[in-house]
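Given next are the chains, with one letter for each unit.
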Amino acid sequence: MKVLAVAPEIFPLVKTGGLADVTGALPGALVGYGVATRSLVPGYPAVMASVGRKKALHRYDALFGGKAAVLAAEIAGLDLLVLDAPHLFDRPGGPYGDPAGGDWPDNWRRFAAFSRVAGDIAGGVLSGWVPDLVHAHDWQAAMAPAFMRYGGAPATPSVVTVHNLAFQGQFSADIFPSLGLPPAAMALDGVEYYGGVGFLKAGLQSAWAITTVSPTYAQEIRTAEFGMGLDGLINARAADLSGIVNGIDTGVWDPQTDAHLAATYSAKTLRSRAANRRAVEQRFGLDHDNAPLFCVISRLTWQKGMDILAGAVDSIAAAGGRLAVLGSGDRALEGALLAAAAHHRGRIGVVIGYDEGLSHLMQGGCDAILVPSRFEPCGLTQLYALRYGCIPVVARTGGLADTVVDANEAALSSGAATGFLFAPGSAAALMHAVRRTIAAHADRAQWVSMQKQGMKADVSWTRSAGKYAQLYASLISRRPAD
Ligand code: ADP
């Protein structure tokens, strides 16, 4: 099977969140199932710097206002198709916003162009390579199935994966004439959304199948509480909706070989984690003692429950816990956490920023990770934590509920427990879980057995890639005969 992945970000080239980890790791995991993936990525500066000079496979004289080309490149084992379109992607800042953090005002044009090119590739513009199926990730790629449906590839199966329904790509109706879609597309069963144009909505409506990144989140987004206004549409398409939990790249995340660790270790040498713990204490200015060390590695946002965390830090310190927070995001939350660190010197440490290496060290050295999300499509940090013997303490929602086994009596006695779960959205519930964790930490034998159980969990892509391959095959078999 030849699959075109449409990936607005991809690890290790461009990453703002879990989406990049997925698009970076899934192609490799699919190889074993007979799926050859080529990933279309925007030619951001970081991507172009790795590509170097390459021959164009296809050129556009005018793609949404400028010249563009599709280049082929192989980087970090990924078979890439790079959309080189300087007028859209050659700019400083992040993939979606300017250096000051605001969205680029022409994001609709940038990602309509990106999706349009995916549709063109599905329609056969690259000589010698036509995908059997197109897999679009999130709103930035979600117009691809719409371009396919209304353009030159209605018979090519497509999948849209929702990594986070909170990001939908909604724009004013004024942009519609510039999209190059037929007037019929501006309809309730097309791209129209509350009087404007909805990119994710268009994809959910047009794709042959919809997936999201955990079975629980797939059910949650059918409700008004989690549906973000799209629950009606998602329910109407429930027969085509499934949840496939994310895996992690177990090569990149391997405590036995991880170069970011002060000391590598395995389930048999868990005591070596002490050196990493020491290194975390030093980086965060924490006291060196035996009190349980919690960590948080997260975007600092409301979704992630970081306001709840900020409200609970005094209680965490009072309960005897220490806390190391690595994150960035909401300025007010950054300020609140920094103030907490200043107030609880030696007990709470905060690093504002994005630091991939430090995140590995924290997983390898901290005792437990707190993930108090209000909603969490899948979540990756709890998966890394399982693999690193860092006990996940997570809200019971979305992929967190699907991947962590709560240490209740039954799970403890059967040896199945891997972490602690609590009701989302409540500081009291978070604190109850923190206290349970602190109590469990005092029982060394039980703690180690939970660590080992987590480290045994299969968090690789193997099983989930098999599910994607199965989905691809079933959609391809439904393709109408030529
Ligand atoms: P989301 O994609 O919603 O942000 P996920 O848990 O799915 O949440 O993925 C977050 C990814 O980003 C993980 O790989 C996590 O380790 C990483 N991450 C988040 N914040 C930071 C940070 N400040 N420094 C380093 N890595 C981070």
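The structure reproduced in this document is the subject of the present report. Because the structure is a prediction, the values reported are computed rather than measured.

Calculation criteria
Residues numbered from 1 in each chain as written. Predicted model: local features only at pLDDT ≥ 70, side-chain atom pairs only at ≥ 80, totals over all residues. Heavy atoms only, no water. Helix = DSSP H or I, 4+ residues; strand = E, 2+ residues; numbered from the N terminus. Rg over C-alpha atoms; globule rule 2.2 N^0.38 Å. Buried < 20%, exposed > 50% of the residue type's maximum accessible area, 1.4 Å probe, protein only. Contact = heavy atoms within 4.5 Å. Near = heavy atom within 4 Å. Polar contact = N/O pair within 3.5 Å; in protein donor to acceptor, adjacent residues only side chain to side chain. Areas by Shrake-Rupley, 256 points an atom, 1.4 Å probe, with all protein chains shown as cover. Nonpolar A, V, L, I, M, F, W, Y, C, P; charged D, E, K, R; others polar. Domains from an automatic or database assignment. Core = buried A, V, L, I, M, F, W, Y, C linked by side-chain atoms within 4.5 Å. Pairing = 2+ DSSP bridges. Axes fitted to C-alpha atoms, helices over the stretch in contact; angles between N-to-C directions. Expected span 1.5 Å × (residues − 1). Phe/Tyr/Trp six-rings, centres within 6.5 Å; stacked < 30°, edge-to-face > 60°. Lys NZ or Arg CZ within 6 Å of the ring centre and 35° of its normal. Parallel < 35°, antiparallel > 145°, perpendicular 65-115°, else oblique.

## A closer look at the overall build of the protein
- Counting secondary structure elements, the protein contains 19 helices and 18 strands.
- A compact globule built from 482 residues should have a C-alpha radius of gyration of about 23 Å, and the protein, at 23 Å, falls within 12% of that.
- Evaluated residue by residue, the protein yields a buried proportion of 58% over its 482 residues.
- Contacts in the protein between residues far apart in sequence, at least 24 positions, make up 71% of those at least 6 positions apart.

## Points about the site of the ligand
- Every one of the 19 residues lining the ligand counts as a neighbour, but Gly18, Arg299, Lys304, Gly353 and Leu380 are closest to it.
- Between the ligand and Arg299 there is a distance of 2.8 Å, counted from an oxygen atom to a side-chain nitrogen or oxygen.
- Contacts to the ligand include Asp355, whose backbone N or O atom sits 3.0 Å from a nitrogen atom.
- Protein contacts shield 92% of the accessible area of the ligand, which totals 560 Å² for the unbound molecule.
- Elements with a contribution of two residues or more to the shell around the ligand: α1 (18-30), β13 (293-300), β14 (322-329), α13 (356-365) and α14 (381-388).
- Partitioned by chemical class, the residues of the shell around the ligand number five nonpolar, eight polar and six charged.
- Residues from two domains meet in the shell around the ligand; each of domain 1 (2-247 + 462-476) and domain 2 (270-456) gives at least three.

## A short note on the nonpolar core
- In this structure, Leu40, Leu83, Leu179 and Phe199 are the most contacted members of the largest nonpolar core, which totals 80 residues.
- Looking at this core, the element that brings in the most residues is helix α4 (residues 107-122), giving nine residues.
- Leave out the neighbours within four places in its chain, and Leu40 touches Leu4, Ala5, Val6, Ala7, Leu81, Leu83, Phe114, Val117, Ala118 and Ile121.
- Membership of the second largest hydrophobic core comes to 58 residues, among which are Ala324, Leu358, Ala407 and Ala411.

## So, the sheet that holds strand β15 (residues 348-352)
- An order of β15-β14-β13-β16-β17-β18 is seen for the six strands of this open sheet, with the pairing classed as parallel. The open sheet has two edge strands, β15 and β18 (420-422), and neither has a second partner. The mean inter-strand angle of the sheet, taken between neighbouring strand axes irrespective of direction, is 20°.
- In this structure, strand β17 (residues 391-395) lies alongside β18, joined through three bridges in parallel fashion. Paired with Val394 across the bridge in β18 is Leu421.

## Re helix α10 (residues 273-284)
- For α10, spanning 12 residues, the distance from its first C-alpha to its last is 17 Å, which sits close to the expected 16 Å at 1.5 Å a residue.
- The set of residues buried in α10 consists of Arg273, Asn276, Arg277, Ala279, Val280, Glu281 and Phe284.

## As for α13
- Taken across its 10 residues, α13 has nine buried, putting it largely inside the fold.
- When α13 is considered as a whole, its buried residues turn out to be Gly357, Leu358, Ser359, His360, Leu361, Met362, Gln363, Gly364 and Gly365.
- Tucked into the core, α13 has its buried residues touching α10, β13, β14, β15, β16 (368-371) and α14.
- Where α13 starts, the residue carrying a side-chain oxygen 3.2 Å from the main-chain nitrogen of Gly357 turns out to be Asp355.

## Regarding the packing of aromatic side chains
- Evaluated as defined, the whole model comprises 13 aromatic pairs.
- Members of the aromatic cluster, connected to one another through ring pairs, are Tyr44, Phe89, Tyr96, Phe111, Phe114, Trp139, Phe171 and Phe199.
- The residue whose ring lies beneath Arg38 is Trp129, and the NZ or CZ to ring-centre distance is 5.1 Å.
- We note Arg91 situated over the ring of Trp104; from NZ or CZ to the ring centre the distance is 4.8 Å.

## Points about the packing of helix α17 (residues 427-441) against helix α18 (residues 444-456)
- Where α17 meets α18, the axes come as close as 7 Å, and the angle between the chain directions of the two elements is 110°. It follows from the interaxial angle that α17 and α18 lie roughly perpendicular. On α18, the residues touching Thr437, Ala440 and His441 of α17 are Arg444, Gln446 and Trp447.
- Across the contact of α17 with α18, the residue classes break down as two nonpolar, three polar and one charged.

## As for the pairing of β17
- The buried count for β17 comes to five of five residues, which makes it a mostly enclosed element.
- With burial as the criterion, each face of β17 is covered, one bearing Ile391, Val393 and Ala395 and the other bearing Pro392 and Val394.
- One ladder, built from four bridges, connects β16 with β17; its direction is parallel. Residue pairing for β17: Ala368 is matched across the bridge by Ile391.

These figures come from the coordinates and say nothing about function on their own.
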